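# Structural characterization, general
Chain by chain, the residues:
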Amino acid sequence: MPNILAMRRGGAMVPPLVAAVAVLGCIALAVTQNYLLFLFAALFTLLVMGVPIAISLAGSCLLYVLLTGRVPDVVVVHRMINGVDSFPLLAIPFFILAGNLMNNGGITSRIFDFAKALMGWMRGGLGHVNVGASIVFSGMSGAAVADAGGLGTIEIKAMKDAGYDEEFSVGITAASSTIGPIIPPSLPMVIYGVMASVSVGQLFVAGLVPGLLMGLVLMAMITIISRRRGYTRDAVFSIPVLGHTFKRAFLSLLTPVIIVGGIMSGAFTPTEAAIAAVVYALVLGGVVYRSLTWRRLLKVSMETIETTAVILLIVAGASIFAWILTSNQVTQHVVNLLGPFADNPIATLIIINLVLILVGCFMETIAAITILVPVLLPVAVTAGVDPVHFGVIMVLNLMIGLLTPPVGMVLYVLSRVSGISFEKCMRGTLPFLVPLVISLLLVTFIPAISLWLPTLIYR
């Protein structure tokens, strides 16, 4: 799964004619010295030819630098190193390791059992359980793909065994996994905080209410679909069963309390919270539950190293891309282009949302954030949008992009772990895009949903 997360080949096979036209277009732009357009054309060409995202970013930037001759080519390397030389980025490997330990330490199954005892009595019970478990797990991993790959395996099997339509099972699993990077901790928000020079702690706190809102709206959709399709309750509410499953899951449920509570109380920085989560997960899996063997620990460590390496490689490649855009004043051009809407934050946010949704369909989340923050954040700030609020909007938009082709990262992961075709996964997910878009609109146009908690705690 790590290589799918960040280095999946972007379109693998394309018609030779398309590739030839793209290459010829790049050559024409280079000859006519339209270097900035060449940069975008080269990136697009490399992506459609199936070159991994990080190499596409760095390669197109290197070609641009060589063609222009304005700076030495060694600047590419220096800028890439500077792009990952940031203390908050240390949170990434630790949150990834914590999520992997949760998935392999017997913690996810305990969370699912507790969620089933708590919510399984509702109509369409396992659908609600799916959302509830994702909300809890999102307070541990911070990555949609980790949620889909870990909890998704358990949830889809349980729903199919209970008689739910497989498309419905995959659809709600995909949609609920997008809550992971909204509720703290969140890997995309760490990247956004670094790129935008915004407090990662404030971003984490800002995502808590929007994440819970997403869960409620998804549950409302589950209720509607369940009534139409005749889905019944999957469990009888029982206080003894609830108590038993809560007791089994209690120590696991403390994980998000430690992470979120530590950050909100000021006891931890986000990086320190990530380290604390890893230590706690190791204690649970290795000492308390005794389900984490040395073999599993080695496997988890290697997955974490690989995932971290490819994510940081994308950040490094996107950093040089963003530097070129900034040095060419692309940001100022975009601000000037949207000048007529500068006094209308609603119109500005509508345009930005459309751009982000479109980009999310074609580009991996981390790369999109590192490239677009230097371009879009000044536009949003000019229109009077708070940078913390904008961070939540950006991440939520890109999470929806994880459910849309042609990239659709979460759909590819669920297709693999469930054995269901990508097309069926896509059809099952379509109805749940409606509640996610509703959540996006509410978060976009009611800033208090994101800013109330940070204002209460930090300001």
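Every value quoted in this text rests on a predicted model; they were computed, and no experiment measured them. (Residues numbered from 1 in each chain as written. Predicted model: local features only at pLDDT ≥ 70, side-chain atom pairs only at ≥ 80, totals over all residues. Heavy atoms only, no water.)

Before going further, it helps to examine the overall build of the protein. Summing up its helical and strand segments, the protein has 23 helices and zero strands in all. Burial statistics for the protein: of 459 residues in total, 56% are counted as buried. Counting only contacts in the protein whose residues sit at least 6 apart along the sequence, the fraction spanning at least 24 positions is 80%. (Helix = DSSP H or I, 4+ residues; strand = E, 2+ residues; numbered from the N terminus. Buried < 20%, exposed > 50% of the residue type's maximum accessible area, 1.4 Å probe, protein only. Contact = heavy atoms within 4.5 Å.)

Here we take up the confidence of the model for the protein. Here the protein averages 81 in pLDDT, while 89% of its residues score no lower than 70. The secondary-structure element of the protein with the lowest mean pLDDT is helix H1 (residues 2-7), recorded at 40, while helix H20 (residues 387-401) shows the highest, at 92. (pLDDT = per-residue confidence, 0-100.)

Note that Leu356 resides in helix H18 (residues 345-362). Leu356 gets classed as buried once you look at its relative accessible area, which sits at 0%. With 45 residues separating them in the primary sequence, Leu356 and Gly401 have C-alpha atoms 8.4 Å apart. Contacts of Leu356, omitting those with residues within four sequence positions, involve Leu372, Leu376, Met394, Asn397 and Leu398.

Our focus in this paragraph is the side chain of Thr45. By the element assignment, Thr45 lies in helix H3 (residues 35-48). Overall, the relative accessible area of 6% leaves Thr45 in the buried class. Reaching out from Thr45, the side chain makes a polar contact with the backbone oxygen of Ala41 at a distance of 2.7 Å. (Polar contact = N/O pair within 3.5 Å; in protein donor to acceptor, adjacent residues only side chain to side chain.)

Once that is clear, we can look at the packing of aromatic side chains. Within this structure, the stated rule accounts for ten aromatic pairs. Ring centres 5.7 Å apart and planes at 85° place the aromatic pair Phe40 and Phe321 in the edge-to-face group. Within this pair, whereas Phe40 is found in helix H3, its partner Phe321 is found in helix H16 (residues 294-327), the two being separated by 281 residues in sequence. Judged by relative accessible area, which is 1%, Phe321 ranks as buried. One aromatic cluster in this structure is built from Tyr164, Phe168, Tyr231 and Phe432. (Phe/Tyr/Trp six-rings, centres within 6.5 Å; stacked < 30°, edge-to-face > 60°.)

By size, the foremost hydrophobic cluster in this structure holds 133 residues, and its most contacted members are Tyr192, Phe390, Met394 and Phe432. If you count residues domain by domain, this core takes at least three from each of domain 1 (14-82) and domain 2 (87-307). When near neighbours in sequence (up to four residues on either side) are disregarded, Phe432 contacts Phe168, Gly171, Ile172, Ala175, Leu218, Met221, Ile222 and Ile225. (Core = buried A, V, L, I, M, F, W, Y, C linked by side-chain atoms within 4.5 Å. Domains from an automatic or database assignment.)

For the structure on display, the rule yields four salt bridges. We note a salt bridge from Arg248 to Asp113, for which the minimum N-O separation is 3.4 Å. Of this pair, Arg248 sits in helix H14 (residues 239-265) while Asp113 sits in helix H7 (residues 107-119), and the two are 135 residues apart along the sequence. Note on Arg248: relative accessible area 30%, which makes it partly exposed. Of the residues examined, Asp113 reaches a relative accessible area of 32% and is grouped as partly exposed. (Salt bridge = Lys/Arg side-chain N within 4 Å of Asp/Glu carboxyl O.)

An α-helix turns once every 3.6 residues. As a result, residues three or four positions apart point the same way. Here helix H10 (residues 166-177) contains twelve residues, and its C-alpha end-to-end distance of 17 Å stays within 8% of the 16 Å for a straight helix at 1.5 Å per residue. Burial of H10 is extensive: ten of the twelve residues sit out of reach of the surface. For H10, the set of buried residues is Phe168, Ser169, Val170, Gly171, Ile172, Thr173, Ala174, Ala175, Ser176 and Ser177. Capping of H10 at its N-terminal end is provided by Asp165; its side-chain oxygen lies 2.9 Å from the backbone amide nitrogen of Glu167. (Expected span 1.5 Å × (residues − 1).)

For the pair H3 and helix H4 (residues 53-68), interaxial distance at closest approach is 9 Å and the crossing angle is 150°. Relative to H4, the element H3 is oriented roughly antiparallel. Seen from above, H3 lies across H4 with right-handed handedness. Across the interface between the two elements, Tyr35, Leu36, Phe38, Leu39, Ala42, Leu43, Leu46 and Leu47 from H3 touch Ile53, Ser56, Leu57, Gly59, Ser60, Cys61, Leu63, Tyr64, Leu67 and Thr68 from H4. Of the residues in the contact of H3 with H4, the class split is 14 nonpolar, four polar and no charged. (Axes fitted to C-alpha atoms, helices over the stretch in contact; angles between N-to-C directions. Parallel < 35°, antiparallel > 145°, perpendicular 65-115°, else oblique. Left-handed = near helix turned anticlockwise from the far one by under 90°. Nonpolar A, V, L, I, M, F, W, Y, C, P; charged D, E, K, R; others polar.)

Here we come to the environment of Val205. Residue position: Val205 is located in helix H12 (residues 200-206). Of the residues examined, Val205 reaches a relative accessible area of 2% and is grouped as buried. In sequence terms Val205 and Leu453 are 248 residues apart; their C-alpha atoms lie 6.5 Å from each other. Residue contacts for Val205: discarding those within four places in its chain leaves Met264, Leu453, Pro454, Ile457 and Tyr458.

Below, the discussion takes up unusual backbone geometry. With an omega dihedral of 0°, the bond running from Pro184 to Pro185 counts as a cis peptide bond. Along the polypeptide, Pro185 turns up in the loop between H10 and helix H11 (187-196).

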